[in-house]
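Residue strings, one per chain:
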Amino acid sequence: MRKWEKCVRGHYAALCLLAATASAGEPNTTLTAVAGLRVGNHTLADGTTGCTVVVLDGQGATGGVARRGGAPGTRETDLLDPLNLVDRVNAVVLSGGSAFGLDAATGTVRWLHEHSMGWDVGITRVPIVPAAVLYDLPVGNNVKVQPDADCGYQAAAAASSAPVSQGSVGAGAGATVGKLGRPMRGGLGSFAYRLPNGLVVAALVATNALGDIIDPDTAQVVAGARGVDGALLDARQLLRRGILFAAAPPRVGESTTIGVVATNARLNKAQVNRMALMADDGYARAIVPVHTMFDGDTLFALATNEWEGEPNLTLIGALAAEAMARALVEAVQHATGLPGIAAAAELKSP
């Protein structure tokens, strides 16, 4: 057997072992399986919007980003370019509220500053907090109530290393999917892979896609566009018949899936940005259609640089895409319904 064949087969066997371990009840198969990461959610009182904060302990983590959607809403993403100076971030904020939700990052910055976390500039530490928002204004009372600085502060204060709460919480509280027809509830999802050698790769995502959510393992629609009778339409079938919208089309920017992938491997800024690009393929495996002009899809990548092993960027990026695809499915499977917006758990089995 040639050397590269042994390598590929070895990686595939590790993936199979990893999946079996996760399904057998691994204590933590969410983003916080990466040591040094803590996640906090804050959901506003009406339960239909909120924010999610990933806090990086110590000196922070190497950060990168991929933005492929047509209508992104972001903050502090330029500094993640390998050409620019700052090579560590202290937190990442995901928020509902469209552009209003970018205020959540201000509260997270305040919390980090109070805890002396940030980029050391001599006279103080300046917290580095990239952020991205999704559009959930049509849900509940979100036109009048959006995540603000207090939301970001409270989410950072609540951050813990416990398994991430999933479903209709935090940044996923007002998320919806399947906007080619009558939409369903989106949500917050997470998934992690841990290899026997100690490498960990994980994902967290607020799923608010224009398209349907497809389980890549079964090719079945988990949540998505529904017809007037409540049955799933299957966006793939609509598109193949030349039908883009079975209901009134949304306006540009009314969707957006935002997420984070992380690893404990040692990666530099260029490598972390490549990890983000590869992980973005997880969106394409579980969302149909994806990266449209109506979506502002953004994905952050983090490397804590704690694992002593020799990093294989191809393997890490491939695992990140797998984790992200799984996290997207977990998000809708954990969601709860609202009046007029069904959740995947409410669908009857065929």
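The structure we're discussing is the one just above.
Keep in mind it's a predicted model, so treat the numbers as computed, not measured. (Residues numbered from 1 in each chain as written. Predicted model: local features only at pLDDT ≥ 70, side-chain atom pairs only at ≥ 80, totals over all residues. Heavy atoms only, no water.)

Is there a simple way to explain the pattern of salt bridges in this structure?
For side chains of opposite charge, pairing can occur when their charged atoms come near one another. Here the structure, examined in full by the defined rule, presents 11 salt bridges. Asp 217 is paired through a salt bridge with Arg 326; the nearest N and O atoms lie 3.1 Å apart. Within this pair, whereas Asp 217 is found in the loop between β13 (212–215) and β14 (220–223), its partner Arg 326 is found in helix α7 (residues 313–333), the two being separated by 109 residues in sequence. Given the relative accessible area of 14%, Arg 326 is considered buried. The partner of Glu 330 in a salt bridge is Arg 326, and the shortest N-O contact between them spans 3.7 Å. Note that Glu 330 and Arg 326 are positioned in helix α7 at a spacing of four residues, about one turn of the helix. Residue Glu 330 shares its accessibility class with Arg 326, and that shared class is buried. (Salt bridge = Lys/Arg side-chain N within 4 Å of Asp/Glu carboxyl O. Helix = DSSP H or I, 4+ residues; strand = E, 2+ residues; numbered from the N terminus. Buried < 20%, exposed > 50% of the residue type's maximum accessible area, 1.4 Å probe, protein only.)

Where do I start with helix α3 (residues 149–157) in this structure?
A turn of α-helix holds 3.6 residues, and therefore any two residues three or four places apart point the same way. Along α3, the positions that sit buried rather than exposed are Cys 151, Gly 152, Tyr 153, Ala 155 and Ala 156. Where α3 is buried, its residues touch β1 (37–43), β2 (50–56) and α2 (104–114). Two or three places before Asp 150, at the start of α3, stands the capping residue Asp 148, its side-chain oxygen 3.1 Å from that residue's backbone nitrogen. (Contact = heavy atoms within 4.5 Å. Polar contact = N/O pair within 3.5 Å; in protein donor to acceptor, adjacent residues only side chain to side chain.)

Before we go on, may I ask you to explain the nonpolar core in this structure?
The nonpolar side chains of a soluble globular protein tend to be buried, and buried together. Membership of the largest hydrophobic core comes to 40 residues, with the highest contact counts inside it found for Leu 199, Val 261, Met 275 and Met 324. Every element with two or more residues in this core is listed here: β11 (187–194), β12 (200–207), β14, α5 (269–279), α6 (281–286), β17 (298–303) and α7. When residues in this core are grouped by element, the largest group, 11 residues, is from α7. Those residues in contact with Met 275 that sit more than four places away from it in its chain are Val 201, Val 261, Ala 262, Thr 263, Leu 267, Ala 301, Leu 302, Leu 313, Ile 316 and Ala 320. With 31 residues, the next largest nonpolar core counts Val 89, Val 200, Ala 262 and Leu 302 among its residues. (Core = buried A, V, L, I, M, F, W, Y, C linked by side-chain atoms within 4.5 Å.)

Even after reading the chapter, I still don't get α7, so can you show me in this structure?
An ideal rise of 1.5 Å per residue puts 30 Å on 21 residues; α7 measures up with 30 Å between its terminal C-alpha atoms. Here α7 lies mainly inside the structure; 16 of its 21 residues are buried. Where α7 begins, one side-chain oxygen reaches toward the backbone nitrogen of Thr 314, 3.1 Å away; that side chain belongs to Asn 312. (Expected span 1.5 Å × (residues − 1).)

Just checking my understanding: could you explain the state of the cysteines for this structure?
Each disulfide consists of a covalent bond between the sulfur atoms of two cysteine residues. According to the stated counting rule, one finds one disulfide in the structure shown. Covalent S-S linkage joins Cys 51 and Cys 151, the inter-sulfur distance amounting to 2.5 Å. Its S-S torsion of about -120° marks the bond between Cys 51 and Cys 151 as left-handed, since a negative value means left-handed. Placement of the pair is Cys 51 in strand β2 and Cys 151 in helix α3, with a sequence separation of 100 residues. By relative accessible area, Cys 151 is classed as buried at 1%. (Disulfide = S-S within 2.5 Å.)

Which parts of the structure should I look at to understand the sheet that holds strand β15 (residues 258–263)?
Adjacent strands of a sheet form backbone hydrogen bonds with each other and so pair up, either parallel or antiparallel. If you trace the five strands from one edge of the open sheet to the other, you get β3-β17-β15-β12-β11, paired in mixed fashion. The sheet is open, and its two borders are formed by β3 (62–67) and β11, each paired with just one other strand. Put simply, the sheet's adjacent strands are angled 15° from each other on average, direction ignored. Strand direction decides the pairing type here: β12 and β15, joined by six bridges, are antiparallel. Paired with Val 201 across the two strands is Thr 263, which belongs to β15. Strands β3, β12, β15 and β17 of the sheet are contacted by α5, whose axis makes an angle of about 40° with β3. Against the sheet, α7 engages β11, β12, β15 and β17, with an angle of about 40° to β12. (Pairing = 2+ DSSP bridges. Axes fitted to C-alpha atoms, helices over the stretch in contact; angles between N-to-C directions.)

Got a minute to help me understand the side chain of Thr 176 in this structure?
Position of Thr 176 relative to the elements: it lies in strand β9 (residues 176–177). Filtering out sequence-adjacent residues up to four positions away, Thr 176 remains in contact with Val 139, Pro 183, Met 184, Arg 185, Gly 186, Thr 207, Asn 208, Ala 209 and Ile 341.

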